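Reading the structure
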Amino acid sequence: MRVVLILFWLAAVLALLAPVLRRLTQRPLGARAALPDELVKDPVCNTYVVKSRALSRVDGGEVRYFCSAECARRAASG
Ligand SMILES: [Zn+2]
């Protein structure tokens, strides 16, 4: 009967750990925010900027990053 108890215990532990393991294995959408030093490319002057310091603009549903307001303005104007 001890085997049944161990199996029941294992099932209970797995049921408790399943959501935690799922969270660990899946890459959450917010993972980008957890990497503040990620480098992004400014499409105007082709400079790599630290994402946390870059200016972001949403252009056609796509986020673009710029090193400065000047580059953001230049991208918007043409
Ligand atoms: Zn720039």
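Just above, that's the structure.
To keep things clear, this report deals only with the structure shown in the data block. Throughout this description, residue numbers start from 1 for each chain and increase along the sequence as written. Per-residue local features of the predicted model are confined to residues with pLDDT of at least 70, and side-chain atom pairs are confined, for both listing and counting, to 80 or more; whole-chain, interface and lining totals are unaffected and use all residues.

**Description of the overall build of the protein chain**
Labels follow the DSSP assignment, with helices taken as runs of H or I lasting at least four residues and strands as runs of E lasting at least two, numbered in each case from the N terminus. Check the secondary structure of the protein chain and you find two helices and four strands. Start at the N end of the protein chain and walk to the C end: the helices and strands fall as α-β-β-β-β-α. Split into buried and exposed, the 78 residues of the protein chain put 9% on the buried side. Distance between backbone-placed C-beta atoms decides contact: two residues are in contact if it is within 7 Å. Restricting to contacts in the protein chain with at least 6 residues of sequence separation, those with at least 24 account for 19%. Here the C-beta atoms are placed from the backbone, and a residue counts as buried if at least 20 other C-beta atoms lie within 10 Å of its own, exposed if 12 or fewer do, and partly exposed otherwise.

**Side note on the pairing of strand S4 (residues 62–66)**
Remark: a regular strand shows side chains that alternate across the two faces of the sheet. Here strand S3 (residues 55–59) runs beside S4; their pairing, made up of five bridges, is antiparallel. Residue pairing across strands places serine 56 opposite tyrosine 65, the latter belonging to S4. Only strands that DSSP links by at least two bridges are regarded as paired with each other.

**Quick notes on the pairing of S3**
In terms of residue burial, S3 counts as a barely covered element, since only zero of its five residues are buried. Taking the residues that link successive antiparallel strands as the turn, the S3-S4 hairpin has two residues, and the phi of glycine 60 there is positive, at about 60°.

**What about the nonpolar core?**
One recurring pattern in soluble globular proteins: nonpolar side chains tend to sit buried together. Formed by Ala54, Tyr65, Phe66, Cys67, Cys71 and Ala72, the largest nonpolar core amounts to six residues. For alanine 72, the residues in contact, after removing those within four places along its chain, are Leu55, Arg57 and Phe66. As used throughout, a nonpolar core is a set of buried Ala, Val, Leu, Ile, Met, Phe, Trp, Tyr and Cys residues joined through C-beta atoms within 7 Å of each other.

**Things to note about unusual backbone geometry**
Backbone geometry places asparagine 46, a non-glycine residue, at a positive phi of 60°. Assignment of secondary structure puts asparagine 46 in the loop between strand S1 (39–41) and strand S2 (48–50).

**Some remarks on the environment of alanine 75**
Here alanine 75 is to be found in helix H2 (residues 69–77). Once the C-alpha coordinates of alanine 75 and arginine 57 are considered, the two residues, 18 residues apart in sequence, prove to be 9.7 Å apart.

**Points about helix H1 (residues 2–25)**
Residue pairs three or four apart in sequence face the same way in an α-helix, which turns once every 3.6 residues. Spanning 24 residues, H1 covers 32 Å between terminal C-alpha atoms, matching the ideal 34 Å at 1.5 Å per step. What we call the bend at a residue is the angle made by axes fitted to the seven residues finishing there and the seven residues starting there. At leucine 17, H1 shows its largest bend, some 40°, and a proline, proline 19, comes one to four positions later. Counting buried positions along H1 gives zero out of 24 residues, so the element sits mostly on the surface. Working rule for helices: expected span equals 1.5 Å times residues minus one.

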